[in-house]
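Here's the letter readout for the chains.
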Amino acid sequence: METARPGRPAAWRSWRPPLPTSRREQSSARRSMEGSGWAALPVLPAVGPPRFPSRRPSAALASASSAASPGPSWTCCAAGPAGSRRGTRRSGISSGVMSVGFGRILTTCTWRSTFAFATFEITMSSDKPSVCVNIPCLGKGSTWEPDALLHSVPSLVNTNKSVTLENNKTSCGTLGGLVKVQTFPLLSRKNYLVKNLKRFRKQLEREAGKLEAARCDFFPKTFELPSEYHLFVEEFRKKPGTTWIMKPVGRSQGKGIFLFRKLKDIFDWKMDGGRTNEQKDETQIETYVVQRYIENPYLIGGRKFDLRVYILVTSYSPLKAWLYRDGFARFSSMRFTLNSIDDHYVHLTNVAVQKTAPDYDPEKGCKWMIQQLRQYLTAKHGTGLMEVLFADMDNIFIKSLQSVQKVIISDKRCFELYGYDILIDQDLKPWLLEVNASPSLAASSQEDYELKCHLLEDTLHVVDMEGRLTGKEKRVGGFDLIWNDGPVSRGGNLGALVNGNFVANTHLGCFNDRKKQLKELFGNLPAQQTA
Amino acid sequence: MLEEDGGLSLTIARIVQRLKGSSLHSQLERQARISLHNPEIKLESLKEDIKDFLKTSGWEKKLQNAVYSELIVYPSPCHPAAPPEHMKEPLAYMRKAQGSWEKRILKSLNSMCTELSIPLAQKRPASEQKELLNKWNEMGTDEPDLSLFRPVYAPKDFLEVLMNLRNPNYENGEQPSFRNHLGLIQVPLKVKDIPELKEDFSELDLNIGQLGIDDSAQVPPEFFENEHVRIGQKVLAEQDSAAAQQYVRQGCPTALRADLWALILNISNQPEDILYYEQLKSNVIQHDLLVDSLIYKDVKLTASNDDYYFVFEDYLYQVLLCFSRDTSVLEHFAYSSATPPKSYIRGKLGIEEYAVFYPPNGVIPFHGFSMYVAPLCFLYHEPSKLYQIFREMYVRFFFRLHSISSHPSGIVSLCLLFETLLQTHLPQLFYHLREIGAQPLRISFKWMVRAFSGYLATDQLLLLWDRILGYNSLEVLAVLAAAVFAFRAVNLMEVTSLAAAEAVLADLSTLKVMPLLQIFLFATVT
């Protein structure tokens, strides 16, 4: 049960992030951000606790700042290994501010002279309130360079190139204020995912037989263009009348996606594509993947939807993956029909695409929490089928990660948060559409906002830079350990069986009582650290 | 004793009368006739054999369910000497108040009609009919200009009417005294106190397993949930309405809810029911009614903007437009205090022979009406079944939430129950809110009128509606409203204005219904 609290303000969108000390400072800060390619980020006043939504305890920050002691500290604005004023040592200032990009979240790290704390202030966008994650960093007393943080948190690392406005226009591929961050490209680049899955499937077929390999058939037939063009044409001729979808490999959020049924359409695209590529970059031809379009998606109220599920990988060798309990279903704002394939709003459920639909109502958000979806489907199809569906989805997560396991160079300190896009068809079979590294963390509604804040907090809990965990936990906040060099079972000890049956430790779409769990987990620590 | 027997025989006579015209009657007859070919049926014991046959083939259960449903929906007949309107509403001042409220609604509807110079009804041109038929499944994509239309009334307007309700035979006294009711509702009606409610809702007691409490993650399913689900499957296999109704008092498992509710409401979605729905659909396609625009407007204003229900927009039109054409809804006016408004064919104003009910079902939608349908979309996806469930829910429960009557489930009694509970059990809070001009009913009224739809999270709402069906009463709404106030009492004691109080209670989506009800009823020291 929730605790009594004042109701959520009617217009949460009108909350403001903590303001810097003066308006002029704010605007200058913004300008400098724009110049360096970072979106606007208000600079924190030295140690003041930011204003929270009323129910968020701000005691953590307040206590941290009251313990401020004068000492040396680092200041680093405009992060980015190259071309930035990094590591300027200033004495007499008790704490510094650094901003790094986290997908589209901007993260400000404030740390103390003892390097005991880092405060991640996560700002969803310039007009939304920010949230603070206060974490003690590394061991107390150890010397620590700002870069250490960057390297231990790869998602926070900027691209090797310094992101400038000019770069945005040209080769970097980041657009409209989005910041490109470095990720392991192997799973999230669409063509690599395809390649790895195909390879993995073949390997499985050799080692474990056809049956096991068939469990990898959760990916619609896919080809890479232009390299596999001939294979594609062969397949295309085999099954006339199929609808195909083209996606540029390197872009995200639904940019450059289109559907077609005739080969002629790709010729047109080749012509068009050539020209625009010329403008952008003469040397590189953009790679696309072409994928069989799933024509019988499961519809709710006549609308198509896909699922976004979050997986955190803390290690690739051995593979250790965590599944987040929350997630959401994104609904297309239009009704699904195959009659008008030009109308691409119908088909893409990417929020980024939907936002430009003419009747898009930002108030609506067009999302359901995954718990609601699970409840809806259970009401319609019963508990049994739901268990099968969710077990199939677990299979997708594991198999796709295993497929890239060998090719990723694992670093002990690395972790990666993936956003899986899953589509369910009318036979309740889940299909993997895409895997996104650095998934969008912008929020479209209050519920969404909370989900993403909690996701981030829990990510940092699992990553455990403070060393509070024993390493044997099967659950941390909303994350459940689903793979630890082998399947993880529910119940007491790792690998233990419940009543002789193996029950996988997955709770996707189950009630997420993360606060309580975190309290139990970190109960012996001061409350301030559980953020 | 004698009178009771008389009442019983009257009831039996009425039910027999009603069932005679039903399709169940003809089905039973057909089955009985077919059974004659059965070698087990012998001429000498014909009656007994057919009875046995109907019992074993499950038809008796169907008859039993039909009788049970009649008993639940129709009030027991009044004294034979009582005038027929007593069946609708025994208190004259209530009837009068409802009458003048209806006049106001009608006047407002008529003035909108003249203002916009739109007829109440008109036939659609053939091209338009075809177009509508084509987009029947995606009516929500249509964006007609509805800026000129406004909902005929909102719950707020209705509350004003209820506040001014007075019993002319009752000395209210202008001076406030301890005898006065301090709330907004000033009519003397008998409402239940906590001990009576405890008795009524005995299945919600602390030591009885509840879905919504005992199925939470901390409780292992072996303790209650598994067993409860098993019993639920058994109830469904038995196809017994009464058993299902008893069962849902402890909550429905999500996977069984759709079937259990249909069983309680005695909806089987037979081919003729589907045909009936198709007929209503063709009526919608042929004629354009003014209320259609009101329905459109309401859906756009409420359900389409709801975080949960926006997906079901199209279903809502498919249900609500058909509902407005359904003349079988008129039957509920036999036991409702409301009377369907009449309109006259042009030029024949006031001549009874040319009078028709408008809209055909006699129900004028108000702001928020579509929220009665929205939660049901979570359970049923065939429009015809969804439609029947909604219609049955409406004629059993929801009509009471917007008509003035003295029925214990009527909105007046609910308001009074809410205020009395709060005044008795949280006198300080009640007094405080009253002093700062934030009468609690001003906040809770809209929750009750909508049966909390759109305020609670869907899973919680369905758990609440389980209990409405289970107890065949809306009183649980008033209890929950009071429980919400009790739960947030600490914060409410600190507010100093109506706006602040509303802010404290603006978001109910995180509340857990069952613990709140249980604590308020059974764990509060009274």
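This structure is a prediction, so every number in the text was calculated from the model and none was measured. (Residues numbered from 1 in each chain as written. Chains lettered and ligands numbered in written order. Predicted model: local features only at pLDDT ≥ 70, side-chain atom pairs only at ≥ 80, totals over all residues. Heavy atoms only, no water.)

### Quick look at the overall build of chain B
Of the regular secondary structure elements, chain B holds 24 helices and four strands. For 526 residues, the compact-globule formula gives about 24 Å, and the C-alpha radius of gyration of chain B, at 24 Å, lands near that figure. For chain B, the spread of C-alpha atoms along the principal axes amounts to about 80 × 65 × 50 Å. By residue count, 52% of the 526 residues in chain B fall in the buried class. (Helix = DSSP H or I, 4+ residues; strand = E, 2+ residues; numbered from the N terminus. Rg over C-alpha atoms; globule rule 2.2 N^0.38 Å. Buried < 20%, exposed > 50% of the residue type's maximum accessible area, 1.4 Å probe, protein only.)

### Here we look at the overall build of chain A
Scanning chain A for helices and strands turns up 13 helices and 18 strands. Looking at chain A residue by residue over its 531 residues, the buried ones come to 57%. Approximately 23,200 Å² of chain A is accessible, and the part contributed by carbon and sulfur atoms is 54%. (Areas by Shrake-Rupley, 256 points an atom, 1.4 Å probe, with all protein chains shown as cover.)

### Some thoughts on the packing of helix 14 (residues 290–301) of chain B against helix 15 (residues 313–325) of chain B
Residues and elements named next belong to chain B. Packing of helix 14 against helix 15 leaves a shortest axis separation of 10 Å and a crossing angle of 150°. Comparing the axis directions of helix 14 and helix 15 gives the class roughly antiparallel. Of the two elements, helix 14 crosses helix 15, and the hand of that crossing is right-handed. Residue-level contacts link Val291, Asp292, Ile295, Tyr296, Val299 and Lys300 of helix 14 to Glu313, Leu316, Tyr317, Leu320, Leu321, Ser324 and Arg325 of helix 15. For the contact of helix 14 with helix 15, a count of residues per class yields eight nonpolar, one polar and four charged. (Axes fitted to C-alpha atoms, helices over the stretch in contact; angles between N-to-C directions. Parallel < 35°, antiparallel > 145°, perpendicular 65-115°, else oblique. Left-handed = near helix turned anticlockwise from the far one by under 90°. Contact = heavy atoms within 4.5 Å. Nonpolar A, V, L, I, M, F, W, Y, C, P; charged D, E, K, R; others polar.)

### Brief notes about the confidence of the model for chain A
Residue and element names in this part refer to chain A. Looking at chain A, pLDDT values average 60 and 46% of them are 70 or higher. In the model of chain A, strand 1 (residues 73–75) stands out as the element of lowest mean pLDDT, 24, in contrast to strand 13 (residues 319–331), which has the highest, 89. Taken as a whole, residues 1–186 scores under 50 in pLDDT and shows 362 contacts with residues more than four places along the chain or in a different chain. (pLDDT = per-residue confidence, 0-100.)

### Focus: the packing of aromatic side chains
Tallied over the entire structure, the rule returns 44 aromatic pairs over all chains. For the ring pair Phe223(A) and Phe232(A), a centre distance of 6.0 Å and an interplane angle of 55° mean the geometry is tilted. One exposure class covers both Phe223(A) and Phe232(A), and it is buried. With centroids separated by 5.2 Å and ring planes inclined at 70°, the aromatic side chains of Phe323(B) and Tyr394(B) adopt a geometry described as edge-to-face. With Phe323(B) in helix 15 and Tyr394(B) in helix 16 (residues 383–396), the pair connects residues that are 71 residues apart, well separated along the chain. Exposure remark for Phe323(B): the relative accessible area of 2% places this residue in the buried category. Linked through ring pairs, Trp101(B), Tyr153(B), Phe158(B), Phe323(B), Phe366(B), Phe369(B), Tyr372(B), Phe390(B), Tyr394(B), Phe398(B), Phe445(B) and Trp465(B) together constitute an aromatic cluster. The ring of Trp431(A) has Arg292(A) lying over it, and the distance from NZ or CZ to the ring centre is 5.6 Å. The ring of Trp431(A) has Lys429(A) sitting right over it, with the charged end atom 4.8 Å from the ring centre. (Phe/Tyr/Trp six-rings, centres within 6.5 Å; stacked < 30°, edge-to-face > 60°. Lys NZ or Arg CZ within 6 Å of the ring centre and 35° of its normal.)

### Let's talk about the interface of chain A and chain B
Taken together, the contacts link 30 residues of chain A with 37 residues of chain B. Contact between chain A and chain B buries roughly 3,100 Å² in total, counting both sides, with carbon and sulfur atoms accounting for 55%. On inspection of chain A and its partner chain B, the count reaches one salt bridge. Between Arg303(A) and Glu313(B) there is a salt bridge whose closest N-O contact spans 3.6 Å. At the boundary of chain A and chain B, one finds two residue pairs in polar contact (both at pLDDT 80 or more). Residue assignment for the side of chain A that touches chain B shows that the elements contributing at least two residues are strand 14 (367–369) and helix 11 (370–405) of chain A. Looking at which element gives the most residues to the side of chain A that touches chain B, the answer is helix 11 of chain A, with eight residues. Residue composition of the side of chain A that touches chain B, by class: nine nonpolar, seven polar and 14 charged. (Buried area = accessible area lost by both parts, 1.4 Å probe. Salt bridge = Lys/Arg side-chain N within 4 Å of Asp/Glu carboxyl O. Polar contact = N/O pair within 3.5 Å; in protein donor to acceptor, adjacent residues only side chain to side chain.)

### Here we look at the environment of Glu235(A)
Structurally, Glu235(A) is set in helix 8 (residues 229–238). In contact with Glu235(A), other than residues within four places in its own chain, are Lys221(A), Phe223(A) and Trp244(A).

### Examining the pattern of salt bridges
Residues and elements named next belong to chain B. Applying the stated criterion across every chain, the model contains 32 salt bridges over all chains. We note a salt bridge from Asp200 to Lys192, for which the minimum N-O separation is 2.7 Å. Overall, the relative accessible area of 24% leaves Lys192 in the partly exposed class. Through salt bridges with shared partners, a single network forms among Arg124, Glu128, Asp288, Asp292 and Arg325.

### Some points on the sheet that holds strand 10 (residues 288–292) of chain A
Residues and elements named next belong to chain A. Pairing is antiparallel in the open sheet, where four strands are placed in the order 7-10-8-9. Each edge of the sheet is formed by a strand with only one pairing partner; in this case those strands are strand 7 (222–225) and strand 9 (258–260). Strand-to-strand twist in this sheet, taken as the mean axis angle between neighbours without regard to direction, amounts to 25°. As judged from the four bridges shared by strand 7 and strand 10, these two strands associate in the antiparallel manner. Following the sheet pairing, Glu224 is matched in strand 10 by Val289. (Pairing = 2+ DSSP bridges.)

### Considering a nonpolar patch on the surface
A cluster of nonpolar side chains, namely Leu8(B), Ile12(B) and Val16(B), defines an oily patch on the protein surface of about 270 Å² accessible area. What makes Val16(B) partly exposed here is its relative accessible area of 43%. (Patch = residues over 30% accessible without salt bridge, like charges linked within 9 Å, V, L, I, M, F, W, Y side chains within 5 Å.)

### Quick notes on helix 18 (residues 427–435) of chain B
Residue and element names in this part refer to chain B. For helix 18, the complete set of buried residues consists of Leu429, Phe430, His432 and Leu433. Considered in projection along helix 18, the buried side chains sweep an arc of 165° and stay on one side of the axis. Phi turns positive one or two residues past the end of helix 18, at Gly437, with a value near 80°. (Arc of directions from axis to C-beta.)

### Focus: the nonpolar core
Ranked by size, the top nonpolar core spans 207 residues in total, and within it Trp368(A) and Phe390(B) carry the most contacts. Considering each element in turn, this core owes the most residues, 14 residues, to helix 11 of chain A. Excluding residues that lie within four positions of it along the chain, Phe390(B) makes contacts with Val319(B), Leu320(B), Phe323(B), Phe369(B), Tyr372(B), Val373(B), Leu376(B) and Phe398(B). Counting 21 residues, the second-largest nonpolar core is a separate cluster that includes Phe415(A), Leu417(A), Val476(A) and Leu518(A). (Core = buried A, V, L, I, M, F, W, Y, C linked by side-chain atoms within 4.5 Å.)

### Description of the side chain of Asp298(B)
Residue and element names in this part refer to chain B. Inspection of the secondary structure puts Asp298 in helix 14. Within the buried core, Asp298 has no salt-bridge partner, and the shortest N-O distance to an opposite charge, that of Arg450, equals 6.2 Å. Among the polar contacts made by the side chain of Asp298, one reaches the main-chain amide nitrogen of Gly368 at a distance of 2.7 Å. With near-sequence residues (within four places) excluded, Asp298 lies in contact with Ala303, Phe366, His367, Gly368, Phe369 and Ser370. (Lys, Arg positive; Asp, Glu negative; His and termini not counted.)

### Remarks on the state of the cysteines
All names here are of chain B. All told, the structure shown has zero disulfides over all chains when counted by the stated rule. Note on Cys252: no disulfide assigned, nearest cysteine sulfur contributed by Cys377 at a separation of 17 Å. On the accessibility criterion, Cys252 (2% relative accessible area) is buried. (Disulfide = S-S within 2.5 Å.)

### Focus: the pairing of strand 15 (residues 416–424) of chain A
Residue and element names in this part refer to chain A. When you tally the buried positions in strand 15, you get nine out of nine residues, the bulk of the element. The two faces of strand 15 match: Glu416, Tyr418, Tyr420, Ile422 and Ile424 on one face and Leu417, Gly419, Asp421 and Leu423 on the other face are all buried. Sheet topology places strand 12 (residues 303–316) next to strand 15; seven bridges connect them, and they run antiparallel. Residue Val313 lies in a different strand from strand 15, and its bridge partner there is Glu416.

### Focus: unusual backbone geometry
Cis geometry is found at the peptide bond from Tyr358(B) to Pro359(B), where omega equals -15°. Counting through the fold element by element, Pro359(B) comes out in the loop between strand 4 (355–357) and helix 16. In this structure, Leu428(A) is a non-glycine residue whose phi angle is positive, near 60°. As for its placement among the helices and strands, Leu428(A) is situated in the loop between strand 15 and strand 16 (430–437). On the basis of relative accessibility, which here comes to 11%, the residue Leu428(A) falls in the buried class.

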